[in-house]
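Residue-level structure breakdown
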Amino acid sequence: MFIIVDERDLVTNGYACRFGQEGVASTGFRPVQFKDWVASAGEGDVQAVEAFLIGECPQREEIPRIIRRRSQAPVIAMNDAPSLEQTLGLFSAGVDDVVRKPVHVREILARVHAIRRRAEARPDCAIAGGIQVFFNGGDPLVNGEALPLPRRERRILEYLLVNRGRRLTKAQIFNAVYGLFDDDVEENVIESHISKLRKKLRARLGYDPIDSQRFLGYLLAPQPAPGALTSNLRAAG
């Protein structure tokens, strides 16, 4: 999930569209809306943000300071025109990088990955049991073999694995994958995606790695012990 902050809807909508073409969820806020969201968003929603992009807005140096109170995700400022004084002020405020527009979203993605690598905030991949996911858009590996997944299912698996050990609500998953921040989500959409994902993972792993509780949400379950796995396979047969 990428968040774009700019006082111009044309900018936020334009970048959201371009990120969507690259298969990356994003959403745009005007500065006042963004400040309200940061103040009220749940911890899960904030942690789902992979990077913040700051465009033109009043008191722009205030935005990174607000972000840093709740998130260590990369913050990139986008300047319409070069200005040494403005660039130095943004770095002092806590941004990780400053770019000059126009800038392609692929360059932004590359810069975000570079920031993460330098800070060692998150590895290029994550592993849980027989599942390995990559954060560069590549297909996950399940028991050492690539498992091609539609983009939404892949993003759900990545989100579950990054948050392994935590039970996630349908709203959290929906918002992280679709780039929205709304409690009124289409639960049937998430249920459909996860149902298909569970079926594919079960076929590869021999067990269901996603624990589902109707009113509590989803949890990436630990790999069962060999004896329990054999019992599950016999019961399934």
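- By the naming in an unreviewed UniProt entry, the protein goes by Response regulator transcription factor and is assigned to Methylocystis parvus.

1. A short note on the overall build of the protein
- The number of helices and strands found in the protein is 10 helices and 11 strands.
- Counting over 237 residues, the protein shows a buried share of 47%.
- Looking at the protein alone, contacts between residues at least 24 apart form 55% of all its contacts between residues at least 6 apart.
- Total accessible area on the protein stands at roughly 12200 Å², and carbon and sulfur atoms take up 49% of it.

2. Quick look at the nonpolar core
- Formed by 28 residues in total, the largest nonpolar core has its most connected members in I156, I173, L201 and I210.
- Of all elements in the fold, only β6 (125-128), β7 (131-134), α7 (151-162), α8 (170-178), α9 (187-205) and β11 (217-220) reach the threshold of two or more residues within this core.
- When neighbours within four sequence positions are excluded, I173 is seen to be in contact with I156, Y159, L160, L168, I190, I194 and Y218.

3. Here we look at the side chain of K101
- With respect to the secondary-structure elements, K101 resides in the loop between β5 (97-100) and α6 (105-119).
- Among the polar contacts made by the side chain of K101, one reaches the side chain of D80 at a distance of 3.2 Å.
- Discounting residues that sit within four places of it in the chain, K101 has contacts with R8, V11, Y15, M78, N79 and D80.

4. Notes on the sheet that holds strand β2 (residues 26-29)
- One open sheet accounts for five strands, arranged β2-β1-β3-β4-β5; its pairing is parallel. Each of the sheet's edge strands pairs with one partner strand only, and the pair in question is β2 and β5. Mean inter-strand twist for the sheet, computed between neighbouring axes without regard to direction, equals 20°.

5. Some points on the packing of α7 against α9
- Contact geometry for α7 and α9: axes closest at 10 Å, N-to-C directions at 80°. One finds that α7 runs roughly perpendicular with respect to α9. Here R152, E153, I156 and L157 of α7 lie close against α9, whose contacting residues are I190, H193, I194, K196, L197, K200 and L201.
- Grouping the amino acids of the contact of α7 with α9 by side-chain chemistry returns six nonpolar, one polar and four charged.

6. Notes on the pairing of strand β10 (residues 210-213)
- Here β10 runs beside β11; their pairing, made up of four bridges, is antiparallel. Following the sheet pairing, I210 is matched in β11 by L220.
- Hairpin remark: β10 followed by β11, antiparallel, with three residues in the connecting loop.

7. Some details on the pattern of salt bridges
- For the structure shown, the criterion picks out 19 salt bridges.
- The closest approach of N and O atoms between E22 and R106, which form a salt bridge, is 3.1 Å. With E22 in the loop between α1 (9-21) and β2 and R106 in helix α6, this residue pair connects regions lying 84 residues apart in the sequence.
- Put simply, E50 and R116 hold a salt bridge, and the shortest N to O gap is 3.5 Å. Of this pair, E50 sits in the loop between α3 (43-47) and β3 (51-54) while R116 sits in helix α6, and the two are 66 residues apart along the sequence.
- Overlapping salt bridges, with partners in common, bring together E50, R116, R154, R155 and E158 in one network.

8. Examining unusual backbone geometry
- A cis amide bond links K101 to the next residue, P102, at an omega of 0°.
- Relative to the helices and strands, P102 resides in the loop between β5 and α6.
- Unlike most non-glycine residues, Q59 shows phi in positive territory, near 50°.

Reading the values: the criteria
- Residues numbered from 1 in each chain as written.
- Predicted model: local features only at pLDDT ≥ 70, side-chain atom pairs only at ≥ 80, totals over all residues.
- Heavy atoms only, no water.
- Helix = DSSP H or I, 4+ residues; strand = E, 2+ residues; numbered from the N terminus.
- Buried < 20%, exposed > 50% of the residue type's maximum accessible area, 1.4 Å probe, protein only.
- Contact = heavy atoms within 4.5 Å.
- Areas by Shrake-Rupley, 256 points an atom, 1.4 Å probe, with all protein chains shown as cover.
- Core = buried A, V, L, I, M, F, W, Y, C linked by side-chain atoms within 4.5 Å.
- Polar contact = N/O pair within 3.5 Å; in protein donor to acceptor, adjacent residues only side chain to side chain.
- Pairing = 2+ DSSP bridges.
- Axes fitted to C-alpha atoms, helices over the stretch in contact; angles between N-to-C directions.
- Parallel < 35°, antiparallel > 145°, perpendicular 65-115°, else oblique.
- Nonpolar A, V, L, I, M, F, W, Y, C, P; charged D, E, K, R; others polar.
- Salt bridge = Lys/Arg side-chain N within 4 Å of Asp/Glu carboxyl O.

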